[in-house]
Amino acid sequence: MNHVGYDQNTGKLTVIFRDGRVYSYGNIAFKTYYSFINATSIGRYFAIYIKHRPYQRGY
């Protein structure tokens, strides 16, 4: 991952990967975002808790 952004007002999590792909996930609780960015392995946390959720490509 290259960048992770979060909008606390909407619960939208945006993940930009190193190859430029952009995925946006809605209805992400702040607790989930906070745990994600503070995880020992953000890749593993993403795979377990976020990747399976509905997403949109792009911003």
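Residues numbered from 1 in each chain as written. Predicted model: local features only at pLDDT ≥ 70, side-chain atom pairs only at ≥ 80, totals over all residues. Heavy atoms only, no water.

Draft legend 1. Looking closely at the pattern of salt bridges. Summed over the entire model, instances satisfying the criterion amount to one salt bridge. When the shortest N-O distance is used, the salt bridge between Asp19 and Arg21 registers 2.7 Å. On the accessibility criterion, Asp19 (55% relative accessible area) is exposed. (Salt bridge = Lys/Arg side-chain N within 4 Å of Asp/Glu carboxyl O. Buried < 20%, exposed > 50% of the residue type's maximum accessible area, 1.4 Å probe, protein only.)

Draft legend 2. Region of the structure containing helix H2 (residues 42-50). The set of residues buried in H2 consists of Tyr45, Phe46 and Ile50. Considered in projection along H2, the buried side chains sweep an arc of 100° and stay on one side of the axis. Structurally, H2 contributes buried residues whose contacts are with strand S2 (12-16), strand S3 (22-25) and helix H1 (30-37). (Helix = DSSP H or I, 4+ residues; strand = E, 2+ residues; numbered from the N terminus. Arc of directions from axis to C-beta. Contact = heavy atoms within 4.5 Å.)

Draft legend 3. Structural context of the packing of aromatic side chains. Counting across every chain of the model gives 12 aromatic pairs. Relative to Tyr23, the ring of Phe17 has its centre 5.7 Å away and its plane inclined at 85°; by these criteria the two rings are edge-to-face. For the residue pair Phe17 and Tyr23, the accessibility class agrees, reading buried in each case. Judged by centre distance (5.8 Å) and plane angle (75°), the rings of Phe17 and Phe46 are edge-to-face. Of this pair, Phe17 sits in the loop between S2 and S3 while Phe46 sits in helix H2, placing them 29 residues apart in sequence. Pair check on accessibility: Phe17 and Phe46 agree, each one buried. Counting every residue linked through ring pairs, the aromatic cluster contains Phe17, Tyr23, Tyr25, Phe36, Tyr45, Phe46, Tyr49 and Tyr55. Between the NZ or CZ atom of Arg21 and the centre of the ring of Phe17, over which it lies, the distance is 4.7 Å. (Phe/Tyr/Trp six-rings, centres within 6.5 Å; stacked < 30°, edge-to-face > 60°. Lys NZ or Arg CZ within 6 Å of the ring centre and 35° of its normal.)

Draft legend 4. A look at the sheet that holds S3. Ordered in space as S1-S2-S3-S4, the four strands form an open sheet in which the pairing is antiparallel. The strands lining the two open edges of the sheet, one partner per strand, are strand S1 (3-7) and strand S4 (55-57). Taking the axes of each pair of neighbouring strands and ignoring which way they run, one obtains an average angle of 20° across the sheet. Where S1 meets S2, five bridges bridge the pair, whose relative direction is antiparallel. By the bridge assignment for S2, Asp7 is matched with Lys12. Contacts from H1 reach S1 and S2 within the one sheet, and its direction differs from that of S1 by about 160°. (Pairing = 2+ DSSP bridges. Axes fitted to C-alpha atoms, helices over the stretch in contact; angles between N-to-C directions.)

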